[in-house]
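Observations on the model geometry
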Amino acid sequence: MDVHFIINEQAGDGKGAKLWASLRKSMRYPFHLTERRDHARELAQQVAGQANASLLLVVIGGDGTIHEVLNGVAGYPHVTVGIMKAGSGNDFAREFPAFASLQEVESYIAIEPIKRKTVDFGSVQLSNTHQRYFASNCGFGLDADISLAASQSTIKRTLNKWKLGSI
């Protein structure tokens, strides 16, 4: 099984950078750093499209990064997505197991056959040409407005600094 990492250093007000710094020295797998919004989707799609064998994509980031990666690998049945949580709330990681170390990743890929949890994607058609997938939740209207306002609030940033972002 091939293993690649997609890393968002900006996730969780720097949690992604801290986790990546702790792993970088012992990293022996190909890795890809995100540079902008939607870059994780592009990277995931590129890596999934080039893979000839089973692929484990390990995401270091938060819910937004995971959302992008899932949209990049939709339609690639040979891809398994794993996560190392580095977001502020980590809602997705509450529903699905997460890796805590490189050793856990290596133990996982050593198991034959690989244990996978199949997830149904939901789909939202935003226009004739723009479709997005989601795995854990989707909101629109008032729900989306509240979520956006909360994620951009100064209170949220302060809570994140105190490591209370999930509140």
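Report on the accompanying structure. This structure is a prediction, so every number in the text was calculated from the model and none was measured. (Residues numbered from 1 in each chain as written. Predicted model: local features only at pLDDT ≥ 70, side-chain atom pairs only at ≥ 80, totals over all residues. Heavy atoms only, no water.)

1. Some thoughts on the pattern of salt bridges
On inspection of all chains with the given rule, the structure shows five salt bridges. With its nearest N and O atoms 2.6 Å apart, the salt bridge here joins Glu 42 to Arg 36. According to the relative accessible area criterion, Arg 36 is partly exposed, its value standing at 46%. With a shortest N-O distance of 3.7 Å, Asp 38 and Arg 132 are connected by a salt bridge. On the criterion of sequence distance, the pair formed by Asp 38 in the loop between strand E2 (31-33) and helix H2 (39-50) and Arg 132 in strand E6 (residues 131-134) is long-range, its members being 94 residues apart. Under the relative-accessibility criterion, Arg 132 is labelled buried at 19%. (Salt bridge = Lys/Arg side-chain N within 4 Å of Asp/Glu carboxyl O. Buried < 20%, exposed > 50% of the residue type's maximum accessible area, 1.4 Å probe, protein only. Helix = DSSP H or I, 4+ residues; strand = E, 2+ residues; numbered from the N terminus.)

2. Some details on the nonpolar core
Ile 6, Leu 55, Leu 57, Val 69 and Val 73 are the most contacted members of the largest nonpolar core, which totals 19 residues. Elements that contribute at least two residues to this core include exactly H2, strand E3 (55-61), helix H3 (63-73), strand E4 (79-85) and helix H4 (91-95). No other element matches H2, which puts five residues into this core. Among residues more than four places away in sequence, those in contact with Leu 57 are His 4, Ile 6, Ala 44, Val 47, Val 69, Val 73, Val 79, Thr 80, Val 81 and Gly 82. (Core = buried A, V, L, I, M, F, W, Y, C linked by side-chain atoms within 4.5 Å. Contact = heavy atoms within 4.5 Å.)

3. Concerning the pairing of E6
In this sheet, E6 lies alongside strand E5 (residues 122-125) in antiparallel orientation, the contact comprising four bridges. Residue pairing in the sheet places Val 124 in a bridge with Arg 132 of E6. Hairpin connection of E5 to E6: five residues between the antiparallel strands. (Pairing = 2+ DSSP bridges.)

4. Some thoughts on the environment of Gln 10
Relative to the assigned elements, Gln 10 resides in the loop between strand E1 (2-7) and helix H1 (15-24). For the pair Gln 10 and Gln 125, spaced 115 residues apart in the sequence, the C-alpha separation amounts to 28 Å.

5. Quick word on the packing of aromatic side chains
On inspection of all chains with the given rule, the structure shows three aromatic pairs. Judged by centre distance (4.7 Å) and plane angle (55°), the rings of Trp 20 and Phe 31 are tilted. With a gap of eleven residues between them, Trp 20 in helix H1 and Phe 31 in strand E2 connect regions that are remote in the sequence. Between Phe 99 and Tyr 108 the ring centres are 5.5 Å apart and the planes differ by 70°, which places this aromatic pair in the edge-to-face class. Each member of the pair, Phe 99 as well as Tyr 108, carries the same accessibility label: buried. (Phe/Tyr/Trp six-rings, centres within 6.5 Å; stacked < 30°, edge-to-face > 60°.)

6. Examining the packing of H2 against H3
Direction vectors running N to C along H2 and H3 enclose 35°, while the axes themselves pass 7 Å from each other. As for the relative orientation of H2 and H3, their crossing is right-handed in sense. In this structure, H2 uses His 39, Ala 40, Arg 41, Ala 44, Gln 45 and Ala 48 to contact H3, whose residues at the interface are Thr 65, Glu 68, Val 69, Asn 71, Gly 72 and Val 73. Classifying every residue of the contact of H2 with H3 gives five nonpolar, five polar and two charged. (Axes fitted to C-alpha atoms, helices over the stretch in contact; angles between N-to-C directions. Left-handed = near helix turned anticlockwise from the far one by under 90°. Nonpolar A, V, L, I, M, F, W, Y, C, P; charged D, E, K, R; others polar.)

7. Overview of the sheet that holds E1
Across the sheet, four strands lie side by side as E2-E1-E3-E4; this open sheet has parallel pairing. In this open sheet, the two strands that pair with only one neighbour each are E2 and E4. When strand polarity is set aside, the average angle formed by the axes of neighbouring strands in this sheet is 20°. For E1 and E3, the ladder comprises six bridges, and the chain directions are parallel. When the sheet's bridge partners are listed, Asp 2 is paired in E3 with Leu 55.

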